[in-house]
Amino acid sequence: MLKFNKSVLAVLIVTLTAVAFGQSALEKNKPIDQWTQKEATEILNNSAWVRTYQSNEGAAAAAAAGARRQQSDNRLVGSERSRSDLTGAPPPIVMRLYSGLPIRLAIARLRQIAAGYEKMNDKAKAEFNQANKMLLECPACKNNYVVSLTQIPNPSGEFVEEAIFEGMTLDQMKGNAWLRNDKGEKRELIHFIAPAKRGDSAMFFFARNDDKGNAFLTKDNSEFSFVFDGNFFTSKNRFAYLIPRQFDFKVSKITVADTLVF
């Protein structure tokens, strides 16, 4: 099992129960090191900590572009071209509650699998664990809700030219993205990390508590949303056609044993 300090291990145990509860792809209490690639990927793409959005406008634009490519390509007849060239859409946008431990556990497990962790000697495993310690402990998650936004490959394996919000700054994102709970309360964005290259994620940070120490979310909330301001959907924002007005999450789905796992 991944070895970290006792406080982290305690959280791991709680979260394993959370993940198994309601996640049909996982066996209850199955050790993290035994998660298959499919199971870890399921957590990252289809769990309660994740929302996916496919832009219809983007799909139409991609289909039009595909048709233009076909008309200009004299080397292949239509029947030989990939159908995705004609009907393909831009990569879906995936929002993940990164400060929710199951997401980071899944990332860590996929890293294990890619690195051949099971075949490593003790020294190599210790080095691997140390290198991934910050991922699971996530110091920024202690006082902040952290949310990631990523474009993933479409079925044809294609990426758009740049990552979502690549090149944008905190000043550009402030006032255009926030969290809102079912009581109408808002949490403004306090930090933003733009992706450095395509395939990377845009990272959003929101304070857990306000200046008076009041928590934004508790198990008594029913839902919350990640919201983009309506004024963000203009021609000045080249990413506007790729994103929805908001992503919605149910608190009960990410609450286990009276603990909100986010």
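Residues numbered from 1 in each chain as written. Predicted model: local features only at pLDDT ≥ 70, side-chain atom pairs only at ≥ 80, totals over all residues. Heavy atoms only, no water.

Caption draft 1: Quick look at the overall build of the chain. Each helix and strand in the chain was counted, giving eight helices and ten strands. Counting every position in the chain, which comprises 262 residues, the buried fraction comes to 45%. Counting only carbon and sulfur atoms, one obtains 50% of the accessible surface of the chain, whose full area is about 14000 Å². (Helix = DSSP H or I, 4+ residues; strand = E, 2+ residues; numbered from the N terminus. Buried < 20%, exposed > 50% of the residue type's maximum accessible area, 1.4 Å probe, protein only. Areas by Shrake-Rupley, 256 points an atom, 1.4 Å probe, with all protein chains shown as cover.)

Caption draft 2: Focus on a negative patch on the surface. A contiguous patch of negative charge, built from Asp182, Glu185, Asp210 and Asp211, is present on the exposed surface. Positionally, Glu185 belongs in the loop between strand E4 (177-181) and strand E5 (186-193). (Patch = residues over 30% accessible without salt bridge, like charges linked within 9 Å, V, L, I, M, F, W, Y side chains within 5 Å. Salt bridge = Lys/Arg side-chain N within 4 Å of Asp/Glu carboxyl O. Lys, Arg positive; Asp, Glu negative; His and termini not counted. Charge placed at Lys NZ, Arg CZ, Asp CG, Glu CD.)

Caption draft 3: Inspection of the sheet that holds strand E6 (residues 202-207) at higher detail. Here eight strands make up an open sheet; going across it, the order is E1-E2-E3-E6-E5-E4-E7-E8 and the pairing antiparallel. Two strands in the sheet have a free side with no partner beyond their single neighbour: strand E1 (50-53) and strand E8 (246-250). Direction aside, the axes of adjacent strands within the sheet are offset by 25° on average. Strand contacts of helix H2 (residues 37-46): E1 and strand E2 (93-96), with the helix running at about 65° to E1, the strand carrying the most contacts. (Pairing = 2+ DSSP bridges. Axes fitted to C-alpha atoms, helices over the stretch in contact; angles between N-to-C directions. Contact = heavy atoms within 4.5 Å.)

Caption draft 4: Molecular detail of the nonpolar core. Of all hydrophobic cores here, the largest spans 55 residues; its most connected members are Leu149, Phe165, Met173, Phe204, Phe226, Phe228 and Phe262. The residues contacting Leu149, other than those within four sequence positions of it, are Ile93, Val94, Met95, Ile164, Phe165, Ser201, Ala202, Phe204, Phe228 and Phe247. (Core = buried A, V, L, I, M, F, W, Y, C linked by side-chain atoms within 4.5 Å.)

Caption draft 5: Structural context of the side chain of Thr255. Position of Thr255 relative to the elements: it lies in strand E9 (residues 255-256). Once you skip the residues sitting within four places of it in the chain, Thr255 turns out to touch Lys219 and Leu260.

Caption draft 6: Representation of the packing of H2 against helix H5 (residues 101-115). H5 packs onto H2 with a crossing angle of 150° between their chain directions and a minimal axis gap of 9 Å. The crossing of H2 and H5 is left-handed. For the pair H2 and H5, contact is made by Gln37, Ala40, Thr41, Ile43 and Leu44 and by Pro102, Ile103, Ala106, Ile107, Arg109, Leu110 and Ile113, respectively. Grouping the amino acids of the contact of H2 with H5 by side-chain chemistry returns nine nonpolar, two polar and one charged. (Left-handed = near helix turned anticlockwise from the far one by under 90°. Nonpolar A, V, L, I, M, F, W, Y, C, P; charged D, E, K, R; others polar.)

Caption draft 7: Geometry of the pairing of strand E7 (residues 223-228). Taken across its six residues, E7 has five buried, putting it largely inside the fold. Sheet analysis places E4 next to E7, joined by five bridges and oriented antiparallel. If you follow Trp178 over to E7, its bridge partner there is Val227. As paired strands, E7 and E8 are joined by five bridges and run antiparallel to one another. Looking at the pairing, Ser225 lines up with Asp248 of E8.

Caption draft 8: Looking closely at the state of the cysteines. Tallied over the entire structure, the rule returns one disulfide. With a sulfur-sulfur separation of 2.0 Å, Cys138 is cross-linked through a disulfide to Cys141. Between Cys138 and Cys141 the sulfur-sulfur dihedral comes to about 60°; the bridge is accordingly right-handed. By the burial criterion, Cys138 is buried, and Cys141 matches it. (Disulfide = S-S within 2.5 Å.)

Caption draft 9: Fine view of the pattern of salt bridges. Considering all chains together, one arrives at seven salt bridges under this definition. Notably, a salt bridge pairs Lys123 with Glu127, separated by 2.6 Å at the nearest N-O pair. You can see Lys123 and its partner Glu127 sitting in helix H6 (residues 122-131), four residues apart, about one turn around the helix. Take Glu127: its relative accessible area is 47%, and that puts it in the partly exposed class.

Caption draft 10: Up close: the packing of aromatic side chains. In total, this model carries 14 aromatic pairs according to the counting rule given. Measuring from ring centre to ring centre gives 5.4 Å for Phe224 and Phe262, while their planes differ by 10°; the resulting arrangement is stacked. Of this pair, Phe224 sits in strand E7 while Phe262 sits in the segment after strand E10 (259-260); the two residues are 38 residues apart in sequence, bridging distant segments of the chain. For the pair Phe224 and Phe262, a shared accessibility class is recorded, and that class is buried. Arranged with centres 5.8 Å apart and planes meeting at 15°, the rings of Phe228 and Phe232 form a pair that is stacked. Taken individually, Phe228 and Phe232 each receive the classification buried, so the pair is uniform in this respect. (Phe/Tyr/Trp six-rings, centres within 6.5 Å; stacked < 30°, edge-to-face > 60°.)

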